[in-house]
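A structural walkthrough
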Amino acid sequence: MRLPPWLRSGTRGRDLALAGTSLVGGLLLFALGIQRQLSWDPGLPDALFLPPLLAACVAVGLRRVATGASLAVGTVAVVADLLLGASLGTVLVYTQVLYDSCVYGSPRTWRWLLRVTVVLSVLSMALGVLLVGNWRGVGFGTPFVLAGVMPVLTGISVRQYRDQAAAERARAEQTARLVELDRRQAVAAERARMARELHDVIANHLSAVAIHATAALSVPGARPGPGRLGAAGDPGEQRAGADRDAADDRRAARADGAGRRGRR
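What counts, and where the lines are drawn
- Residues numbered from 1 in each chain as written.
- Predicted model: local features only at pLDDT ≥ 70, side-chain atom pairs only at ≥ 80, totals over all residues.
- Heavy atoms only, no water.
- Salt bridge = Lys/Arg side-chain N within 4 Å of Asp/Glu carboxyl O.
- Helix = DSSP H or I, 4+ residues; strand = E, 2+ residues; numbered from the N terminus.
- Buried < 20%, exposed > 50% of the residue type's maximum accessible area, 1.4 Å probe, protein only.
- Expected span 1.5 Å × (residues − 1).
- Axes fitted to C-alpha atoms, helices over the stretch in contact; angles between N-to-C directions.
- Parallel < 35°, antiparallel > 145°, perpendicular 65-115°, else oblique.
- Left-handed = near helix turned anticlockwise from the far one by under 90°.
- Contact = heavy atoms within 4.5 Å.
- Nonpolar A, V, L, I, M, F, W, Y, C, P; charged D, E, K, R; others polar.
- pLDDT = per-residue confidence, 0-100.

Next up on the list: the pattern of salt bridges. For the structure shown, the criterion picks out nine salt bridges. Between Asp-100 and Arg-63 there is a salt bridge; the shortest N-O distance is 3.2 Å. Of this pair, Asp-100 sits in helix H4 (residues 88-104) while Arg-63 sits in the loop between helix H2 (50-61) and helix H3 (67-84), placing them 37 residues apart in sequence. Just as Asp-100 is buried, Arg-63 falls in that class too. We note a salt bridge from Arg-193 to Glu-197, for which the minimum N-O separation is 2.4 Å. Highlighted residues: Arg-193 and Glu-197, both in helix H6 (residues 142-217), separated by four residues, approximately one helical turn.

Next up on the list: H4. In a regular helix each residue adds 1.5 Å, so 17 residues correspond to 24 Å; H4 covers 25 Å between its end C-alpha atoms and thus fits that length. Listing the buried residues of H4 in full gives Gly-89, Thr-90, Val-93, Tyr-94, Thr-95, Val-97, Leu-98, Asp-100, Ser-101, Cys-102 and Val-103.

Another point: the packing of H3 against H4. With their axes 9 Å apart at the nearest point, H3 and H4 run at an angle of 155° to one another. For the element pair H3 / H4, the angle class is roughly antiparallel. The way H3 lies across H4 gives a crossing that is left-handed. Side by side, H3 and H4 meet where Thr-67, Ser-70, Leu-71, Gly-74, Thr-75, Ala-77, Val-78 and Asp-81 of the first sit next to Thr-90, Val-91, Tyr-94, Val-97, Leu-98, Asp-100, Ser-101 and Tyr-104 of the second. Each residue belonging to the contact of H3 with H4 can be placed in one class, and the counts come to eight nonpolar, six polar and two charged.

Mapped onto the fold, Val-129 is located in helix H5 (residues 107-132). Each C-alpha atom, one on Val-129 and one on Phe-140, is 8.2 Å from the other, the two residues being eleven residues apart in sequence. Those residues in contact with Val-129, other than ones at most four positions away along the chain, are Asn-134, Gly-137 and Val-138.

Now for the confidence of the model for the chain. Overall, the prediction assigns the chain a mean pLDDT of 80, with 77% of residues at 70 or greater. Across residues 228-233, confidence stays below pLDDT 50; counting only partners more than four residues off in sequence or on other chains, it has seven contacts.

This is how it looks when you write it as structure tokens:
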């Protein structure tokens, strides 16, 4: 089943559809009662977690048209969510924002995100070890690794693959242009060679005709007979045949060039 044109990859409709799907998923988690994972104040109403979710979904919708704004809005949304406590829906949507920032943002953006997420993961692990007092405190860094480092690494991998594919396509197009240029140069050189040869053949035949005619007319008191005039006409016939052969060669060359372009 083919998607409609407005939902295909690289379209604005696809971005809006992804943002809407993220919002529906977050609202579904809210309806199931698992939207809030942690709250600093148990008395806070669950509805307070919905604005950060909505802001994160808006950030997803801006992933192509304004990648920097998407990252800024998404980061503000997740920080506000963490200040309230923590909700699964907003964090999951923010992982999409991080992924999109690495894929569609500038190289400086994904390098900066990789450094920040790795540093936060290491710091959370170190803090966990200090709080727990043993190596089990490393688990404190697991949320930062899963929700921060992994989306960034995935986005970097996809971006590098796309950049490599784009470079390969550019090299293939350049090779095709060079091949077409060589073909045109070869055709032009062949036409020039055929023109020179045809010119030489015509010149030689005309010279032979002139010589025969001059010889026939230079005999004193003799009228040129049919045999002599026929001898003078033979080179003309040969010249016409050579002209026809050269024209046939040119038509065959053009037909062969058209056949090659059709096969490509």
